[in-house]
Amino acid sequence: MSVAKKPNKPRGSGIAKCPTGIAGLDQLTNGGLPRGRPALICGGAGCGKTLLALEFIVRGATQFDEPGVFVSFEEMSEELTDNARSLGFDLDDLVKRKKLAMDYVRLERSEIEESGDYDLEGLFVRLNHAIDSVKAKRVVLDTIETLFSGLSDTGILRAELRRLFRWLKDKGVTAVITAEKGEGTLTRHGIEEYVSDCVMVLDHRIHDQLSTRRLRIVKYRGSAHGTNEYPFIIDEQGFSVLPVTSVGLEHAASTARISSGVERLDTMLSGHGFFRGSSILASGTAGTGKTSLSCSFARATCQNNERCLYFAFEESPAQIMRNVRSIGIELQPFVSRGLLHFHASRPSLYGLETHLAVMHRQIEAFKPSVVIIDPVTSMITAGLARDARSVLLRLIDYLKGLQITVFMNSLIHDGNAIEQDEVEISSLIDTWLFVRDIELGGERNRGMYILKSRGMAHSNQIREFVLGRQGIELVDVYLGPAGMLTGSARIAQAAKERSRETAGRRDVTRQQAVMLSKRKAFEARIAALQAQILAQDQATEHLIADSQANASRDQLERHAMAVSRNADSAGGRSNGKESRK
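The model shown is predicted, which means the values in this text are computed figures rather than measured ones. (Residues numbered from 1 in each chain as written. Predicted model: local features only at pLDDT ≥ 70, side-chain atom pairs only at ≥ 80, totals over all residues. Heavy atoms only, no water.)

## Some words on the overall build of the chain
Let me state the cut-off plainly: Under the DSSP-based scheme used, a helix requires at least four consecutive residues in state H or I and a strand at least two consecutive residues in state E, with every element numbered from the N terminus. Exposure classes here rest on a 1.4 Å probe applied to the protein chains alone. A residue is buried below 20% of its type maximum, exposed above 50%, and partly exposed in between. Contact criterion: two residues are considered in contact whenever any of their non-hydrogen atoms come within 4.5 Å of each other. Only the protein chains shown count as covering a residue, and every accessible area follows the Shrake-Rupley method with a 1.4 Å probe.
For the chain, the count of helices and strands is 15 helices and 24 strands. Sorting the 581 residues of the chain into buried and exposed places 45% on the buried side. For the chain, restricting intrachain contacts to residue pairs at least 6 apart in sequence, the fraction spanning at least 24 positions comes to 69%. Surface exposure of the chain reaches about 29,700 Å², of which carbon and sulfur atoms provide 49%.

## Structural notes on the layout of surface pockets
The condition is simple: A cavity, in this analysis, means grid points on a 1 Å lattice covering only the protein atoms where a 1.4 Å probe fits yet has no way out; a pocket is instead an open set bounded by protein on both sides within 12 Å along at least five of seven lines, and a residue lines either one if it has an atom within 4 Å of a point. Grid points are joined across faces, edges and corners, and a volume is the space filled by probe spheres set on the points. Each residue gets one label: Ala, Val, Leu, Ile, Met, Phe, Trp, Tyr, Cys and Pro are nonpolar, Asp, Glu, Lys and Arg are charged, and the others, such as Gly, are polar.
Taken as a whole, the largest pocket encloses approximately 290 Å³ of empty space. In terms of lining, the largest pocket is formed by 16 residues, of which the most central are Ile233, Ile234, Asp235, Tyr350 and Val358. Contributing elements (two or more residues each) for the lining of the largest pocket: β9 (210–220), β10 (229–235) and α12 (352–366). Sort the elements by how many residues they give to the lining of the largest pocket and α12 lands first, with five residues. Among the residues making up the lining of the largest pocket, the classes are represented as six nonpolar, six polar and four charged.

## What about the state of the cysteines?
What counts, and what does not: Note that a disulfide, as used here, is simply two cysteine sulfur atoms within 2.5 Å.
Using the criterion set out here, one finds zero disulfides in the structure. Between cysteine 47, a free cysteine, and cysteine 42, which holds the nearest cysteine sulfur, the sulfur-to-sulfur gap is 8.3 Å. A relative accessible area of 1% means that cysteine 47 is categorised as buried.

## A closer look at the packing of aromatic side chains
Applied cut-off: Note on aromatic contacts: the rings of Phe and Tyr and the six-membered ring of Trp form a pair at centre separations within 6.5 Å, being stacked when their planes are under 30 degrees apart, edge-to-face when over 60 apart, and tilted otherwise. By the criterion adopted, a ring carries a charge over it if an Arg CZ or a Lys NZ lies within 6 Å of its centre and within 35 degrees of its normal.
Under the defined criterion, the tally for this structure stands at seven aromatic pairs. Through a chain of ring-to-ring contacts, the aromatic side chains of Phe274, Phe297 and Phe407 assemble into a single cluster. Across from the ring centre of phenylalanine 275, 4.4 Å away, lies the NZ or CZ of arginine 257, which sits over that ring. In this structure, arginine 307 is placed above the aromatic ring of phenylalanine 366, and the distance from its NZ or CZ to the ring centre is 5.0 Å.

## Some details on the nonpolar core
Going by this rule: Residues belong to a common nonpolar core when they are buried Ala, Val, Leu, Ile, Met, Phe, Trp, Tyr or Cys residues joined through side-chain atoms within 4.5 Å.
Of all hydrophobic cores here, the largest spans 38 residues; its most connected members are Leu265, Phe274, Leu293, Tyr310, Leu331, Leu340 and Phe407. Beyond its immediate chain neighbours, meaning those up to four positions away, leucine 265 contacts Ser260, Phe274, Leu293, Leu433, Met448, Ile450 and Leu474. In this structure, Ile22, Leu33, Ala39 and Ile41 belong to the second largest nonpolar core, which totals 37 residues.

## Here's the deal with helix α2 (residues 49–63)
Selection criterion: The span you would expect from a helix comes to 1.5 Å times its residue count less one.
Taking 1.5 Å of rise per residue, the 15 residues of α2 would be expected to cover 21 Å, and the 21 Å separating its terminal C-alpha atoms lies within 8% of that figure. In the stretch just after α2, aspartate 65 is the one whose phi turns positive, near 55 degrees.

## Thoughts on the pairing of β10
For clarity, the threshold we go by: Pairing between two strands requires that DSSP report at least two bridges joining them.
Looking at chain direction, β10 and strand β11 (residues 238–241) are connected through four bridges and run antiparallel. Considered in β11, the bridge of isoleucine 233 is made with serine 240. Hairpin connection from β10 to β11: two residues lie between these consecutive antiparallel strands.

## Remarks on the environment of cysteine 47
Within the secondary structure, cysteine 47 sits in the loop between β3 (38–43) and α2. Cysteine 47 sits 157 residues away from histidine 204 along the chain, and the two C-alpha atoms are 5.2 Å apart. Once residues lying within four places of it in the same chain are set aside, the contact partners of cysteine 47 are Leu202, Asp203, His204, Arg213, Phe232 and Ile234.

## Observations regarding the confidence of the model for the chain
What counts, and what does not: By definition, pLDDT measures how confident the predictor is in each residue, and it falls between 0 and 100.
Mean pLDDT for the chain: 81, with 81% of residues reaching 70 or above. The low-confidence segment residues 1–8, where pLDDT is below 50, has 12 contacts with residues more than four positions distant or belonging to other chains. Below a pLDDT of 50 lies the segment residues 110–116, which in the model reaches seven contacts outside its immediate sequence neighbourhood of four places, other chains included.

## A few points about α12
Under the 1.5 Å per step criterion, the end-to-end length of α12 is 21 Å for 15 residues, consistent within 8% with the ideal 21 Å. With respect to burial, α12 is a largely interior element, 13 of its 15 residues being buried. Positive backbone phi, approximately 55 degrees, marks lysine 367, located one or two places after α12.

## Concerning the pattern of salt bridges
This is how it is decided: The term salt bridge refers to a pairing of a side-chain nitrogen on Lys or Arg with a carboxyl oxygen on Asp or Glu at a separation within 4 Å.
Inspection of every chain in the model, using the stated rule, returns 19 salt bridges. A salt bridge links aspartate 65 to lysine 99, with the shortest nitrogen-to-oxygen separation between them at 2.4 Å. Linking aspartate 65 in the loop between α2 and β4 (68–72) with lysine 99 in the loop between α4 (91–96) and β5 (100–104), this pair joins segments that are 34 residues apart in sequence. Exposure remark for lysine 99: the relative accessible area of 18% places this residue in the buried category. Here aspartate 103 and arginine 126 are joined by a salt bridge, their closest N and O atoms 2.8 Å apart. Taken together, the positions of aspartate 103 in strand β5 and arginine 126 in helix α5 (residues 121–134) put the pair 23 residues apart, joining distant regions of the chain. Look at arginine 126 and you get partly exposed, because its relative accessible area is 38%. Linked by salt bridges that have partners in common, Arg37, Lys169, Asp197 and Arg221 make up one network.

## Examining the side chain of threonine 174
Locating threonine 174 in the fold gives a position in strand β7 (residues 174–180). Overall, threonine 174 belongs to the buried group, its relative accessible area being 1%. The contacts of threonine 174, once residues within four sequence positions are left out, are Cys18, Leu33, Pro34, Arg35, Gly36, Arg37, Phe56, Lys137, Arg138 and Val139.

## Let's talk about the pairing of β3
Counting buried positions over the six residues of β3 gives six, a clear majority of the element. Here β3 shows two buried faces, one formed by Pro38, Leu40 and Cys42 and the other by Ala39, Ile41 and Gly43. Note that β3 and β7 share six bridges and pair parallel. Of the residues in β7, the one forming a bridge with glycine 43 is glutamate 180.

Below you can see the structure in the form of structure tokens.
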């Protein structure tokens, strides 16, 4: 990994910083520890002081090309090497490559006699030789109490501490010094914190039989820094700090959409599904299908070639995949392709802050576009409801800052208390789906509706939530004089309505046939009458024609008779000439 050896001063910090390489810690310290100055790490037994100091040295040598010196007053070099190997740190290799010098200084209080002046000249000689041998830029002293275990004179102790810190500053090395927690003071002697430029306190506390590790920066001369308590975890990857309380409301609001995996639910959400980077909560009593909704959403995400990270707190991944397979949701292929990853753990495994730190670690490693938490209410068992709400608030803000869509299931115990959820995070949610039981006619069925969905026009209708072999189906409930019907009552009512519709169609068909028959009879009668009229018209025409023909014939016959009798024609009398001939 290529990293700048000496980063510039962070804006507004006032001093140069030495990055630790520890996840989250550099963010809290605004760039790292003060370069060329001593930093004090104090805390009780088992809180992680030695590990933080060791990782500071190893990260410096491997990531920032800054060799280091680790001086231990309690553990031998071989023991440190074995312990570090479990975290993937090969100290022997670093020693061979002149990136690390290790020294074990054995000091037994029983062998120290307080007499005359006490000084650290011998330590300075050993330190100077070790620093020069590898050209070290970083130094760790673990732990400082051993150096002064035989001293009771606080004046000499303070003077030697100042001298030690001044010597380290003059050498220009960035030093980390570990110290044990005292009674009512940060350190056993109560002096070290006053002469250090940077002081961090590590704490390992137990609440309700659940452990939580936390870090707090008590002071940091010349630099702004986070002042709250921050959870941290120690796992196979080392030391990791979670700066959760520093998250602000500055995340973007995407207009892109992502499918819920249920076609009709997408339709109810103005036809396009959830907003990308939003928060979704599915609330309901036990057995209402919340996990099925989650898995359907996970499948839709993976089908779009996007990654989904599924946090399960009640069921194992194998059990979840087996159960949803019965409704036609097959998730194993997406797990095999690396698109879907399950992280399953009991809520009682850690404290709330550690759960949150583990979630951050998983999210940063897997880089999903969708995160599912099933269910969030299980986190109450890892702490108080108030603390659970705080943790989830920080998690939601963190995911929104990364534009990761989060889908959470919430178990409620009173189906009528719609506006209440166990962890009281509904006000933080962008889209709230409510799945409820509907008991009617001796049956228990499911109904679902959208309680709210910010930024979109969504349906206000209740849909029956049906789990079948083909997955999730949302069907219309029956709303009528009999009220709202679901399940068998809805099916029976639908059958009655279909029967009435069928009978109605038969009546209409029969009536249409009667009307058609009558129409045909009427048309036949009309045709007969028209034929009669036509015949009468033709007979009349024939009669008129015969009458005209007879009249013409009679006239011709009369004319012929007149001619034969030499009589005047009717027209010939007009001039009287022919009568005189």
